[in-house]
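Chain by chain, the residues run as shown.
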Amino acid sequence: MAKFRLTEELAGTIRELRIQNKIPSKDMAIALNRSASFVSKIENGSIKTITEEEFDTILEMIFPGSASPQDRVDKLVEFQIKRYGLESSEDEAWFYNLDTVYRLIPIPQKLVEEINGIVTETGISIDNLV
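Scope of this entry: the structure provided in the associated data block. Every value quoted in this text rests on a predicted model; they were computed, and no experiment measured them.

**Comments concerning the packing of aromatic side chains**
Evaluated as defined, the whole model comprises zero aromatic pairs. Its guanidinium or amino end placed over the ring of Phe38, Arg34 lies 4.1 Å from that ring's centre, counting from NZ or CZ.

**Focus: the nonpolar core**
Ranked by size, the top nonpolar core spans 23 residues in total, and within it Ile42, Ile50, Phe55, Ile58 and Ile62 carry the most contacts. Breaking this core down by element, the ones donating at least two residues are helix H1 (8–20), helix H2 (25–32), helix H3 (36–44), helix H4 (52–62) and helix H5 (69–84). With sequence-adjacent residues up to four places away left out, Ile50 is seen in contact with Ala2, Lys3, Phe4, Leu6, Phe38, Ile42, Phe55 and Ile58.

**A word on the environment of Glu43**
Positionally, Glu43 belongs in helix H3. Spatially, the C-alpha atom of Glu43 lies 8.8 Å from that of Glu16, the residues being 27 residues apart in sequence. Here Glu43 is in contact with Ala11, Gly12, Ile14, Arg15 and Arg18, once residues within four sequence places are set aside.

**Some details on H3**
Within H3 the residues assigned to the buried category are Phe38, Val39, Ile42 and Glu43. Down the axis of H3, the buried side of the element spans an arc of 135°, and every buried residue falls inside it. Buried residues belonging to H3 abut H1, H2, strand E2 (49–51) and H4. At the exit of H3 stands Gly45, carrying a positive phi of roughly 90°.

**Overview of the pattern of salt bridges**
Per the stated rule, a full pass over the model turns up four salt bridges. Across the pair Arg34 and Glu54 runs a salt bridge whose closest N-O atoms are separated by 2.9 Å. On the criterion of sequence distance, the pair formed by Arg34 in the loop between H2 and H3 and Glu54 in helix H4 is long-range, its members being 20 residues apart.

**A short note on H2**
Residues Met28, Ala29 and Leu32 constitute the buried set of H2. The buried residues of H2 all sit within an arc of 100° when viewed along its axis, so they share a single face. Opposite the buried face of H2, at more than 90 degrees from it, the exposed residues are Lys26 and Ile30. On its buried face, H2 is in contact with H1, H3 and H4. Of the residues trailing H2, Asn33 is marked for its positive phi of about 60°.

Analysis parameters
- Residues numbered from 1 in each chain as written.
- Predicted model: local features only at pLDDT ≥ 70, side-chain atom pairs only at ≥ 80, totals over all residues.
- Heavy atoms only, no water.
- Phe/Tyr/Trp six-rings, centres within 6.5 Å; stacked < 30°, edge-to-face > 60°.
- Lys NZ or Arg CZ within 6 Å of the ring centre and 35° of its normal.
- Core = buried A, V, L, I, M, F, W, Y, C linked by side-chain atoms within 4.5 Å.
- Buried < 20%, exposed > 50% of the residue type's maximum accessible area, 1.4 Å probe, protein only.
- Helix = DSSP H or I, 4+ residues; strand = E, 2+ residues; numbered from the N terminus.
- Contact = heavy atoms within 4.5 Å.
- Arc of directions from axis to C-beta.
- Salt bridge = Lys/Arg side-chain N within 4 Å of Asp/Glu carboxyl O.

The structure is reproduced here in structure tokens:
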């Protein structure tokens, strides 16, 4: 599972958006199945990495009503660009981390079906494929 490196900028943004949306840290902790102190450590930069699942759970909470993980990431990037400007955002470590870890690539359904057919024909398990 992918890990996200939390920079000071990203940690501060998570805190800012949580407060802006009036989400108690206790509620976020419950959603993450973690302690309130874990959320506090995320927001103050003491926690350096979180799982992809934890990252998406946080984004779901701070961007309610988002249709998909990609939509939430797009909203995060948009927020950061508004906050820091496009040039500075592209220079930030959080942006590079997000871009390399979380970029979703749309794959046509026909290609997925073709790959599934090949996997079935050859008897390759999903674990061996990955």
